[in-house]
Amino acid sequence: MDGDRVEIDGGIMEGGGQILRVSTALSCLLGLPLRVRRIRSGRSQPGLRPQHLSGLEIVRDLCDGKLNGGEIGSTEITFTPGKIKGGTHIADTKTAGSVCLLMQVAMPCVLFAASPSELHLKGGTNAEMAPQIDYTVMVFKPIVEKFNFTFNCDIKRRGYYPQGGGEVVVQMSPVKELSPINLTERGTVTKIYGRAFVAGALPIKLAKDMSAAAVRCIRREIRDLYINIQPVREPDDQAVGTGSGIIIVAETSTGCLLAGSSLGKRGKNSDKVGIEAAEKLLQNLKHGGTVDDSLQDQLIIFMALAKGVSRVKTGPITLHTETAIHFAEQLTKAKFTVTKSEEENPSNDTYIIECQGMGMINPNL
């Protein structure tokens, strides 16, 4: 009876939540019924966690779809999409599960809805193993908008591990189609800026220490640029729980944005948090690509949906990116090629990801 369902093996490659996010978003967009087996089979806690389940539920709600197997710990789901509609939708992980990962699964879908959407996403805003909300606003947003759409992201409340409690409201209008992007010229770094934050019971001194340590670390490699990393204490009425972290962004003459970030945790020295973020940033600058390793995989689904040829120059291809490409090709007619970039210094590990997009047209507009 399930002859026409697309079968997805959730245990291969990256083997995590990303397979679910890419395949359910594309299933919703393309109207393809889906079965995903062996969900997160290699993880210490296999199957769906609260954050993955919330992501599936918001996609189901966005398109009046049917979801079977949607419970915590489930290692197999079937999903039958309906028609994507706009309006207000709420997804709540009820944990510190990342709101940014909820945004990753929902955003491609609402771009092709019938009317504008408002997504209320609740959970962790600055969580381990996921982009921080500051990254989403400072790096992801300006770059992904080059596909020719815009969205508004309002951080109502920040929420930290373990209880979450953050809320972000995303507003966006649908588009007819997405334009391809060409991000192949890095240019030179023109400024470096960021924010080091503390919230809850932590003193502002920790933010200042993170910022100072990060600046010292970057100064060893980049001497002539002004570096502006603001230490901030999040207002108590806009943050739930106690948390700290830092994000540092480098902007280039061609408008590229690359970042490094790190989160504080109990027993971790604040200098170490700052240095960790600075080292990640320097590593992302070293390869000569136009995007950092956190953005690489997030662009894949948009490249697959866009009309025409997109090209992005990156550093070493991450497993997340290989996974996103694999499932985007399995589900859409998009074709990807990854080639070593020749014009660089041969010692640089630089690649060009090229995609002939499927040219998704919004049937509702």
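Thresholds applied
- Each chain carries its own residue numbering, running from 1 in the direction its sequence is written.
- Given that the model is predicted, a residue must reach a pLDDT of at least 70 before its local features are reported, and side-chain atom pairs must reach 80 or more before they are shown or counted; all residues, however, enter totals for whole chains, interfaces and linings.
- Water and hydrogen atoms were dropped before computing side-chain values, which therefore reflect all heavy atoms in the structure.
- Domain delimitation in this document rests on an assignment produced automatically or drawn from a domain database.
- Here, two residues are considered to be in contact whenever any of their heavy atoms come within 4.5 Å of each other.
- When two components associate, each loses some accessible surface as probed by a 1.4 Å sphere; the sum of these losses over both components is called the buried area.
- Any Lys or Arg side-chain nitrogen found within 4 Å of a carboxyl oxygen on Asp or Glu counts as a salt bridge.
- By the criteria applied, helices consist of DSSP H or I runs no shorter than four residues and strands consist of E runs no shorter than two, each listed in order from the N terminus.
- When a residue's accessible area, from a 1.4 Å probe over protein chains only, is under 20% of the maximum for its type it is buried; when over 50% it is exposed; and in between it is partly exposed.
- Whenever a nitrogen or oxygen atom comes within 3.5 Å of another N or O atom, the pair is scored as a polar contact, on the condition that within protein one atom can donate a hydrogen and the other can accept it, and that pairs from neighbouring residues in sequence are kept only if both atoms are in side chains.

1. Overview of the domain arrangement of the chain
Link 1 in the chain: Taken domain by domain, the chain comprises domain 1 (6-175 + 318-332) and domain 2 (189-286).
Link 2 in the chain: Centre-to-centre separation of domain 1 and domain 2, based on C-alpha positions: 27 Å.
Link 3 in the chain: Facing the 20 residues of domain 1 at the interface are 23 residues of domain 2.
Link 4 in the chain: Summed over both sides, the interface between domain 1 and domain 2 buries roughly 1600 Å², with carbon and sulfur atoms accounting for 63% of that surface.
Link 5 in the chain: On the domain 1 side of the contact with domain 2, Gln132, Met138 and Tyr160 bury the most area, a combined 37% of that side's loss.
Link 6 in the chain: Our count for the contact surface shared by domain 1 and domain 2 stands at three salt bridges.
Link 7 in the chain: Notably, a salt bridge pairs Glu128 with Lys265, separated by 3.4 Å at the nearest N-O pair.

2. Notes on the environment of Leu202
Link 1 in the chain: Tracing the backbone shows Leu202 in the loop between strand 10 (189-199) and helix 5 (204-221).
Link 2 in the chain: When the C-alpha atoms of Leu202 and Arg233 are compared, they prove to be 8.5 Å apart, with 31 residues separating the residues in sequence.
Link 3 in the chain: Leaving out residues up to four positions away in the same chain, Leu202 has contacts with Arg233, Thr242, Gly243 and Ser244.

3. Considerations on the side chain of Asn362
Link 1 in the chain: Tracing the sequence through the fold places Asn362 in the segment after strand 17 (351-356).
Link 2 in the chain: With a relative accessible area of 0%, Asn362 lands in the buried category.
Link 3 in the chain: Within the structure, Asn362 has its side chain in polar contact with the backbone oxygen of Ala113 (distance 3.0 Å).
Link 4 in the chain: Among the polar contacts listed, one links the side chain of Asn362 to the backbone oxygen of Val175, at a separation of 3.0 Å.
Link 5 in the chain: Dropping the residues within four chain positions of it, Asn362 is found in contact with Leu111, Phe112, Ala113, Pro174, Val175 and Lys176.

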